[in-house]
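# Fold and geometry: a report
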Protein chains: 4
Amino acid sequence: MTTAERKRIEPLTRTKLPTAVWSTAVPIRFRHCDPAGIVFTPRYFDILNEAVEQFFGAALGLDYYLLISERKIGLGYAQASCEFLKPSRMGEVLDVAVLVERIGGSSYTLVLPVFKDGVEVVRGRLVTVTTMLEAFTSRPIPDDIRAGLEGYRDRCGEAIA
Amino acid sequence: MTTAERKRIEPLTRTKLPTAVWSTAVPIRFRHCDPAGIVFTPRYFDILNEAVEQFFGAALGLDYYLLISERKIGLGYAQASCEFLKPSRMGEVLDVAVLVERIGGSSYTLVLPVFKDGVEVVRGRLVTVTTMLEAFTSRPIPDDIRAGLEGYRDRCGEAIA
Amino acid sequence: MTTAERKRIEPLTRTKLPTAVWSTAVPIRFRHCDPAGIVFTPRYFDILNEAVEQFFGAALGLDYYLLISERKIGLGYAQASCEFLKPSRMGEVLDVAVLVERIGGSSYTLVLPVFKDGVEVVRGRLVTVTTMLEAFTSRPIPDDIRAGLEGYRDRCGEAIA
Amino acid sequence: MTTAERKRIEPLTRTKLPTAVWSTAVPIRFRHCDPAGIVFTPRYFDILNEAVEQFFGAALGLDYYLLISERKIGLGYAQASCEFLKPSRMGEVLDVAVLVERIGGSSYTLVLPVFKDGVEVVRGRLVTVTTMLEAFTSRPIPDDIRAGLEGYRDRCGEAIA
């Protein structure tokens, strides 16, 4: 990054996303907010992670919790980032969508646009590495996760140019 | 990003940072950790924000809390990101350093390398926009913050190539 | 409390509560859980507070957030406590009910039994003092909150002997 | 509890506690605070738990984290409660003390008075049950924890009448 001011992303419109895109409503609670009255940055990552947990069940048909507790598969992040376009306040309801950007050998990237009144206010990006828990070494993406992600990506098409 | 696997950053060594670089020790507590026994991703952003709060007082001579509560200056993020190189467990002690990467007109970028046993395990990057609270509109970086950041950056030199 | 072992409460059964009792489903997420794989104690208080926020809207017809942000009414706690009867794990779904135990002049007490599979696993108790925000001095319970709590209590009857 | 207003506890004075009482300074951070600008209730329980973690190391000579991760001893709560006497704001520094109230067969009770400027503003009480992790069944307090708690209690004397 240079000394030039950072270039902002163009906010997406919810209705322009493919209909196959899964999303979940997230009401902003008191606990999300800081003394400035808006959602505190780290809480957005709580919100994103929670959306991914639901996404696994609702869109991929996989129980996120059993993957970890029973199959000892780690779904940790190699990278997590957010762009913040507009602040949100308690009582508002956000809509968190999940898009599959990339499926690699032992990692995949999800993009999570967050909408308020249909306009994108936050964009998250999570690069997940599949690992063997306890050992904390990376492993190939398990077949059922790969099939789920590929199927979902195919259903959604090219969501973000 | 293409379908190629993501390129990882090269971990920094703490002792190679300029001596003027400020850092703070952060013991990993029970509350930071998840069922995999390691620090939960969103908690790293809590840790980074807390380091910035201390950095303002200790390195810039400015009270972060008065900026917000008295002067109604918002120090919200336009972008927040982390690269995770190695997991951390409760009982370990991290060392969070702060570097100034960019100072713009109404925003600045901090890079926060996090070390364990002297080797970088996490790298955070926070793009802060200075705003007027209540209005939530951006404003030029206040003079004392700018002077503080510039002085600190000068003392630290070019920390990351 | 003496040196005798603490006496445990008798767990309630969800179906034995009056039908007018309001409750909300709370799926346990990754972020709630600690390295022991169970809900971390402080997160239960997040869960209770969130249930109260919803209770205000759903059962009392009052917007919790407007009370605070617009009317500057504080709903802080003078006392908060929980009895923990059984641990809960991620992926499980709790059912958090709200009962009105006491309505005083400037404070009221809510009891929140939390059920798993219909049997009480946690019991929370929150003593709320109504205050004027900014001044942080107590004030009489606002009329609409009082009317809402009294109406709800009447509908529910004597829920806990 | 009757319909009478709740009786408040009498705030302790820090200097009147026995000199052997251990305590730790806790600066209030942005992340602790809510839209009312004060510490959010559930965060106090995070603060109490963190104080207990430090207390184990500093006052009992036991590594809290190894107890859990290596020896698989659970230190979960059967009961957790707080009385809130005064709100606290970001930038303030609290002093969290630990007192041993009771040592039973498989549980013990800690009282944690929290001071601001030497006067008690919060009083926490944590009833801990020692368990075998994985099984989540209670077990006798391990000998070294019992000896540590007894020694500490003896050094402190009768701290709270």
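Described in the following lines is the structure provided in the data block. Keep in mind that what you see is a predicted model, and the values were worked out from it rather than measured.

The next subject is the relation of the copies chain C and chain D. Each of the two copies of the chain can be brought onto the other by a rotation about an axis and a shift along it. For the pair chain C and chain D, the relating rotation is 180 degrees, the translation along its axis is 0.0 Å, and the fit reaches an RMSD of 0.0 Å. Here the copies are linked by what is in effect a two-fold axis. Measuring from the rotation axis to each C-alpha of chain C, the shortest distance belongs to C:S81, at 2.0 Å. Residue by residue, 100% of the interface of chain C is reproduced at the interface of chain D, so both copies engage with the same surface.

Let us now look at unusual backbone geometry. Residues and elements named next belong to chain A. Despite not being glycine, D117 shows a phi value in the positive range, around 50 degrees. Residue position: D117 is located in the loop between strand 4 (107-116) and strand 5 (119-132). Judged by its relative accessible area of 77%, D117 is exposed.

Moving on, we come to the interface of chain B and chain A. Interface size is commonly expressed as the accessible area that is lost once the parts come together. Across the boundary between the two partners, chain B contributes 36 residues, which contact 37 residues of chain A. The junction of chain B with chain A conceals about 3,000 Å² of combined surface from both sides, 56% of it contributed by carbon and sulfur atoms. With a closest N to O distance of 3.0 Å, A:D46 and B:R43 form a salt bridge. In this structure, the connection of chain B to chain A is made through 8 residue pairs in polar contact (both at pLDDT 80 or more). Secondary-structure elements contributing two or more residues to the side of chain B that touches chain A are helix 1 (41-60), strand 2 (73-84), strand 3 (93-103) and strand 4 (107-116) of chain B. For the side of chain B that touches chain A, the element with the most residues is strand 2 of chain B, which contributes 8 residues. Across the side of chain B that touches chain A, the residue classes break down as 16 nonpolar, 11 polar and 9 charged. Here 5 bridges tie strand 2 (residues 73-84) of chain A to strand 2 of chain B, and the two strands are oriented antiparallel to one another. Paired with A:Q79 across the bridge in strand 2 of chain B is B:E83.

The subject of this paragraph is the relation of the copies chain B and chain A. Superposition of chain B onto chain A requires a rotation of 180 degrees combined with a translation of 0.0 Å along the rotation axis, giving an RMSD of 0.0 Å. Mapped onto chain A, 100% of the interface residues of chain B are again interface residues, and the two copies thus contact each other with one and the same surface.

Residues and elements named next belong to chain A. With respect to the element layout, K116 can be found in strand 4. Engagement of the side chain of K116 in a polar contact is seen with the backbone oxygen of P87, the distance being 2.8 Å. Of note is the side chain of K116, whose polar atom sits 3.0 Å from the side chain of E92. Non-local contacts of K116, meaning those with residues more than four positions away in its chain, are made with P87, S88, E92, V93, L94 and V121.

With 216 residues, the main nonpolar core has A:F56, B:F56, C:F56 and D:F56 as its most contacted residues. Setting aside residues up to four positions removed in sequence, B:F56 forms contacts with B:G61, B:L62, B:Y64, B:L67, B:L75, B:Y108 and B:I145.

This paragraph deals with the packing of aromatic side chains. This structure, assessed with the given rule, holds 34 aromatic pairs over all chains. Their ring planes at 45 degrees and their centres at 5.2 Å tell us that C:Y44 and C:F84 sit as a pair that is tilted. With C:Y44 in helix 1 (residues 41-60) and C:F84 in strand 2 (residues 73-84), this pair connects stretches of sequence that are 40 residues apart. Taking relative accessible area as the criterion, C:F84 reaches 9% and is therefore assigned buried. Plain terms: the ring middles of D:F55 and D:F56 are 6.3 Å apart, the flat faces sit at 80 degrees to each other, and that makes the pair edge-to-face. Residue classification places D:F55 among the buried residues on the basis of a relative accessible area of 0%. What makes D:F56 buried here is its relative accessible area of 0%.

Turning next to the interface of chain C and chain D. Taken together, the 37 residues of chain C in the interface contact 37 residues of chain D. Approximately 3,000 Å² of surface area, both sides summed, lies buried where chain C meets chain D, with 56% of it carried by carbon and sulfur atoms. Inspection of the chain C/chain D interface yields 2 salt bridges. Counting across the interface, chain C meets chain D through 8 residue pairs in polar contact (both at pLDDT 80 or more). Looking at the side of chain C that touches chain D, the elements with two or more residues in it are helix 1, strand 2, strand 3 (93-103) and strand 4 (107-116) of chain C. Broken down by element, the residue count for the side of chain C that touches chain D peaks at 8 residues, all from strand 2 of chain C. Classifying every residue of the side of chain C that touches chain D by side-chain character gives 16 nonpolar, 11 polar and 10 charged.

Moving on to empty space enclosed by the protein. All told, the structure shown has 4 cavities of 30 Å³ or more when counted by the stated rule. Of the voids in this model, the largest cavity is the one considered here, and its volume is about 200 Å³. What lines the largest cavity is A:R31, A:R43, A:D46, B:R31, B:R43, B:D46, C:R31, C:R43, C:D46, D:R31, D:R43 and D:D46. For the lining of the largest cavity, a count of residues per class yields no nonpolar, no polar and 12 charged.

Here we come to the packing of helix 1 (residues 41-60) of chain D against helix 3 (residues 143-156) of chain D. Residues and elements named next belong to chain D. Direction vectors running N to C along helix 1 and helix 3 enclose 75 degrees, while the axes themselves pass 10 Å from each other. Considered as vectors, helix 1 and helix 3 are oriented roughly perpendicular to each other. Residue-level inspection shows F55, F56, A59 and L60 of helix 1 in contact with helix 3, the latter providing I145, G148, L149, Y152 and R155. Looking at the contact of helix 1 with helix 3 residue by residue, the classes come out as 7 nonpolar, 1 polar and 1 charged.

All names here are of chain B. Over its 20 residues, helix 1 extends 28 Å from the first C-alpha to the last, a length consistent with the 28 Å expected when each residue adds 1.5 Å. A bend of about 30 degrees at Q54 is the largest found in helix 1. Taken across its 20 residues, helix 1 has 17 buried, putting it largely inside the fold. Among the residues trailing helix 1, G61 stands out with phi positive, at a value near 70 degrees.

Right, let's get into the pairing of strand 3 of chain C. Residues and elements named next belong to chain C. Burial within strand 3 is extensive, with 9 of its 11 residues counted as buried. Where strand 1 (residues 22-27) and strand 3 come together, 6 bridges link them in antiparallel fashion. By the bridge assignment for strand 3, A25 is matched with D95. In the sheet, strand 3 pairs with strand 4 via 6 bridges, with the strands oriented antiparallel. Each residue of the ladder has a partner; that of D95, found in strand 4, is F115. Linking strand 3 to strand 4, which pair antiparallel, is a turn of 3 residues.

Reading the values: the criteria
- Residues numbered from 1 in each chain as written.
- Chains lettered and ligands numbered in written order.
- Predicted model: local features only at pLDDT ≥ 70, side-chain atom pairs only at ≥ 80, totals over all residues.
- Heavy atoms only, no water.
- Least-squares fit on C-alpha atoms with pLDDT ≥ 70 in both.
- Contact = heavy atoms within 4.5 Å.
- Helix = DSSP H or I, 4+ residues; strand = E, 2+ residues; numbered from the N terminus.
- Buried < 20%, exposed > 50% of the residue type's maximum accessible area, 1.4 Å probe, protein only.
- Buried area = accessible area lost by both parts, 1.4 Å probe.
- Salt bridge = Lys/Arg side-chain N within 4 Å of Asp/Glu carboxyl O.
- Polar contact = N/O pair within 3.5 Å; in protein donor to acceptor, adjacent residues only side chain to side chain.
- Nonpolar A, V, L, I, M, F, W, Y, C, P; charged D, E, K, R; others polar.
- Pairing = 2+ DSSP bridges.
- Core = buried A, V, L, I, M, F, W, Y, C linked by side-chain atoms within 4.5 Å.
- Phe/Tyr/Trp six-rings, centres within 6.5 Å; stacked < 30°, edge-to-face > 60°.
- 1 Å grid on protein atoms, 1.4 Å probe; cavity = no way out; pocket = protein on both sides within 12 Å on 5 of 7 lines; lining within 4 Å.
- Points joined across faces, edges and corners; volume = space filled by probe spheres on them.
- Axes fitted to C-alpha atoms, helices over the stretch in contact; angles between N-to-C directions.
- Parallel < 35°, antiparallel > 145°, perpendicular 65-115°, else oblique.
- Expected span 1.5 Å × (residues − 1).
- Bend = angle between axes of the 7 residues up to and from the residue.

By themselves, these observations are geometric and do not establish any function.
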